[in-house]
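Now for the letters of each chain:
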Amino acid sequence: MGSFGEDLRMERVSRGIALEHITAVTKISRHHLLALEEEKFRQLPGGILNKGIIRGYAGAIGLDQHDWTERFLQAYSSSGLVAEDQDWTAFASNVGKARMQRREAAEFRLRWLGAVVLLLVVGMAGFLMVRYYGVHAGWWHGVIPQNSVIPRLHAVYVSLRTWVGHLFA
């Protein structure tokens, strides 16, 4: 068994698969594929993306992805580079949690806004219903003091109602 990159290249060549085919299938750049085969790991993007490149390459030529990922990690660490997998996993996990918390907070605010709007609508409907029955029963004018702003607003309301009635009559 040779080095990781040489073994990977030999597997690809023995199956008769060109780098262009792997690039077309996986959308991994030719530059990164060559860096793998030549074991120039510093040219790879790093972190969890390296594992994705290995999995894509191995899957495109029909190799066991898990086995080749483990071989890559061994070759990567033996080259003197440090795998940052745990940091990337924690980072991705925290990003997902932060997005969920923001979404839940937005849904919570929306629910409260809906509840407040519903209470306002119910309150306004109750007020209008009591006012309607109070005016028709004759006791509404006794509830509101005569020198307040309400009679003036009522006069404006009556004049608007008659004006709108003339428009549609």
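The paragraphs below set out a description of the structure included in this document. None of the values given here were measured: they were computed from a predicted structure.

The rules we used
Residues numbered from 1 in each chain as written. Predicted model: local features only at pLDDT ≥ 70, side-chain atom pairs only at ≥ 80, totals over all residues. Heavy atoms only, no water. Buried < 20%, exposed > 50% of the residue type's maximum accessible area, 1.4 Å probe, protein only. Helix = DSSP H or I, 4+ residues; strand = E, 2+ residues; numbered from the N terminus. Contact = heavy atoms within 4.5 Å. Salt bridge = Lys/Arg side-chain N within 4 Å of Asp/Glu carboxyl O. Core = buried A, V, L, I, M, F, W, Y, C linked by side-chain atoms within 4.5 Å. Polar contact = N/O pair within 3.5 Å; in protein donor to acceptor, adjacent residues only side chain to side chain. Phe/Tyr/Trp six-rings, centres within 6.5 Å; stacked < 30°, edge-to-face > 60°. Lys NZ or Arg CZ within 6 Å of the ring centre and 35° of its normal.

Digging into helix 3 (residues 30-37)
Okay, step 1: Listing the buried residues of helix 3 in full gives His-32, Leu-33, Ala-35, Leu-36 and Glu-37.
Okay, step 2: On its buried side, helix 3 packs onto helix 1 (4-14), helix 2 (19-26), helix 4 (48-61) and helix 5 (65-78).
Okay, step 3: Of the residues trailing helix 3, Glu-39 is marked for its positive phi of about 55°.

Side note on unusual backbone geometry
Okay, step 1: Backbone geometry at Lys-27 places phi at a positive 65°, although glycine is not the residue there.
Okay, step 2: As for its position among the elements, Lys-27 is in the loop between helix 2 and helix 3.
Okay, step 3: Backbone geometry places Glu-39, a non-glycine residue, at a positive phi of 55°.

Section: the pattern of salt bridges
Okay, step 1: Tallied over the entire structure, the rule returns seven salt bridges.
Okay, step 2: Here Glu-6 ties to Arg-9 by a salt bridge, and the two come within 3.1 Å at their closest N and O atoms. Within this pair, Glu-6 and its partner Arg-9 are both found in helix 1, separated by three residues, close to a single helical turn.
Okay, step 3: On the accessibility criterion, Glu-6 (33% relative accessible area) is partly exposed.
Okay, step 4: Among the residues examined, Arg-9 registers a relative accessible area of 30% and is labelled partly exposed.
Okay, step 5: Arg-71 is the salt-bridge partner of Asp-7, the closest N and O atoms lying 2.4 Å from each other. Placement of Asp-7 in helix 1 and of Arg-71 in helix 5 is noted, with a sequence separation of 64 residues between them.
Okay, step 6: Judged by relative accessible area, which is 13%, Asp-7 ranks as buried.
Okay, step 7: For Arg-71, a relative accessible area of 17% gives the class buried.

Some details on the nonpolar core
Okay, step 1: Of all hydrophobic cores here, the largest spans 22 residues; its most connected members are Phe-4, Leu-36, Phe-41, Tyr-57 and Phe-72.
Okay, step 2: Taken together, the elements giving at least two residues each to this core come down to helix 1, helix 2, helix 3, helix 4 and helix 5.
Okay, step 3: Tallying contributions element by element places helix 4 first for this core, with six residues.
Okay, step 4: Setting aside residues up to four positions removed in sequence, Phe-4 forms contacts with Leu-36, Glu-39, Phe-41, Ile-54, Trp-68, Arg-71, Phe-72 and Ala-75.

Considering the side chain of Arg-12
Okay, step 1: Tracing the backbone shows Arg-12 in helix 1.
Okay, step 2: Looking at Arg-12, its side chain comes within polar contact range of the side chain of Glu-37, at 2.6 Å.
Okay, step 3: If sequence neighbours within four positions are ignored, Arg-12 has contacts with Ile-17, Ala-18, Leu-19, Ile-22, Glu-37, Tyr-57 and Ile-61.

Considerations on the packing of aromatic side chains
Okay, step 1: Taken as a whole and assessed by the stated rule, the structure comprises eight aromatic pairs.
Okay, step 2: Ring centres of Phe-41 and Phe-72 lie 5.3 Å apart, and the angle between their planes is 90°; this geometry places the pair in the edge-to-face category. With Phe-41 in the loop between helix 3 and helix 4 and Phe-72 in helix 5, this pair connects stretches of sequence that are 31 residues apart.
Okay, step 3: Taking relative accessible area as the criterion, Phe-41 reaches 4% and is therefore assigned buried.
Okay, step 4: Using a relative accessible area of 1% as the deciding quantity, one classes Phe-72 as buried.
Okay, step 5: One cation-aromatic arrangement involves Arg-71 over Trp-68; the distance from NZ or CZ to the ring centre is 4.3 Å.

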